[in-house]
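# Summary of the model geometry
One letter stands for each residue in the lines below.
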Amino acid sequence: MSDISVRIEGVAGRITLTRPKALNAVTYQMVTAIHAALEVWRVDPSIKLVIIDAEGEKAFSAGGDIAELYETGRSGDFSFGQTFWRDEYRMNAALHDYPKPVVSFLQGFTMGGGMGVGCHGSHRIVGESSQVAMPECGIGLVPDVGGSMILANAPGATGAYLGLTGARMGAADAIYAGFADTYIPETQWSELISALENGADINVLDNAAISAPRGELERNQGEISHIFEGRTLPETIITLSASDTDFGAATLKAVLRGSPLSMAATLLMMAALKGNHDIREALTLEYRFTARAMEHGDFLEGIRAAIIDKDRTPHWKHAADTIDQSAAEAMLAPLGALELTFPKEKAS
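Predicted, not measured: the structure shown is a model, and the values here were computed from it. (Residues numbered from 1 in each chain as written. Predicted model: local features only at pLDDT ≥ 70, side-chain atom pairs only at ≥ 80, totals over all residues. Heavy atoms only, no water.)

## Brief notes about the pattern of salt bridges
Following the criterion strictly, the structure yields 15 salt bridges and no others. Of the charged contacts, one joins Glu-216 and Arg-219 as a salt bridge, the two residues approaching to 1.9 Å between their closest N and O atoms. The shortest N-O distance in the salt bridge between Glu-339 and Arg-288 comes to 2.4 Å. Placement of the pair is Glu-339 in the segment after α16 (325-331) and Arg-288 in helix α14 (residues 279-296), with a sequence separation of 51 residues. (Salt bridge = Lys/Arg side-chain N within 4 Å of Asp/Glu carboxyl O. Helix = DSSP H or I, 4+ residues; strand = E, 2+ residues; numbered from the N terminus.)

Here it is as structure tokens:
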């Protein structure tokens, strides 16, 4: 498969995303290939760990491949999107709960669906080019692929800030918010991968780690909490509008670009998932929104404005300063027969 390389190198199961010209955007075929490999390696005693990386310098993966999602949704076929997200979320859960070490090397952009591949393993490595983000509210979705759980457990109200604005995190901020573990200069990555393939102890990663250059999130934590802690979206807009800081002005501008329905739902998810570390509960909540996003949400309009027509002027269903909580609650209500379920994993 040209989009992904799945193989065994020494004692390592190896997954490499190989779509650098497409910023390694994750397709449905890549999702199923990753999950299938994980299940085979889970019960193979010769495989001691899994290593995930990607070709190209610009991105580990800039997100999911949304072209087919848009085309099928525009034609009134919502089932493809529901199937895509269902199987993607099952793969995310398998990565998160994997019984063997999973080491990911996250250069450049790691966003959305790419975060779901790279940020659920046991050892998440970032370097000087790393930029991690969850920009889904800007296209009419919510932070998904298990990202809602990470955001909900980020310090203070950091998760609400990152989820609503889609702000990009450099290496230090990604570690601070819980999306990465270790900073290692990228010139050392190839040597470390070879060592792990040849049976080196996983602690070789800790031995190579250094402190990441200073980030922004911790410095702005007080203001982030003041703006976002325990507030609805209209209340957040009021608080931001009253801010007299450069950070507040920039944050207000970023928030006003997103889908109000998505942002209101994201805030509800942050509250519901705070302190929860069961990724399946997070994915189930995310799926309730994404399964409805084409028919009842802003997803198709968000993609049209950002990717298709590129006019950057989406016509959202709701206004940010007046949206009622009930609209967001309806997007997160149980799905009945469509509710996300998880197959029982094979014993290791």
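We are not done yet, so read on.
## Some thoughts on the nonpolar core
Within soluble globular proteins, side chains that are nonpolar tend to cluster in buried spots. One finds Trp-85, Phe-179, Phe-228, Leu-233 and Phe-299 to be the most contacted residues of the largest nonpolar core, which totals 97 residues. Among the elements that make up this core, the one with the highest residue count is α14 (nine residues). Judged by nonpolar contacts, the second largest core, of 13 residues, contains Leu-49, Ile-51, Ile-184 and Trp-189. (Core = buried A, V, L, I, M, F, W, Y, C linked by side-chain atoms within 4.5 Å. Buried < 20%, exposed > 50% of the residue type's maximum accessible area, 1.4 Å probe, protein only.)

## Digging into the sheet that holds strand β8 (residues 131-133)
For sheets, the rule is that strands pair by backbone hydrogen bonds, running either parallel or antiparallel. Taken together, three strands build an open sheet; the order of strands is β4-β6-β8 and the sheet is parallel. Where the open sheet ends on each side, the last strands, each with one partner, are β4 (59-61) and β8. Ignoring which end each strand starts from, the neighbouring axes of this sheet average 15 degrees apart. As paired elements, strand β6 (residues 109-111) and β8 share three bridges and run parallel to each other. Bridge pairing links Met-111 to Ala-133 in β8. (Pairing = 2+ DSSP bridges. Axes fitted to C-alpha atoms, helices over the stretch in contact; angles between N-to-C directions.)

## Some points on helix α1 (residues 28-42)
Here α1 spans 21 Å end to end across 15 residues, near enough to the 21 Å set by a 1.5 Å rise per residue. Of all the positions in α1, only Met-30, Val-31, Ala-33, Ile-34, His-35, Ala-37, Leu-38, Glu-39, Trp-41 and Arg-42 are classed as buried. Packing partners of the buried residues in α1 comprise β1 (4-9), β2 (12-17), β3 (49-54), α3 (79-96) and α4 (113-118). (Expected span 1.5 Å × (residues − 1). Contact = heavy atoms within 4.5 Å.)

## What to know about the packing of aromatic side chains
For the structure on display, the rule yields eight aromatic pairs. Geometrically, the ring pair formed by Tyr-89 and Tyr-287 is edge-to-face, given 6.1 Å between the ring centres and 85 degrees between the ring planes. With Tyr-89 in helix α3 and Tyr-287 in helix α14, this residue pair connects regions lying 198 residues apart in the sequence. For the pair formed by Tyr-89 and Tyr-287, the shared burial category is buried. Connected via pairs of aromatic rings, a cluster forms that spans Tyr-28, Phe-80 and Phe-84. (Phe/Tyr/Trp six-rings, centres within 6.5 Å; stacked < 30°, edge-to-face > 60°.)

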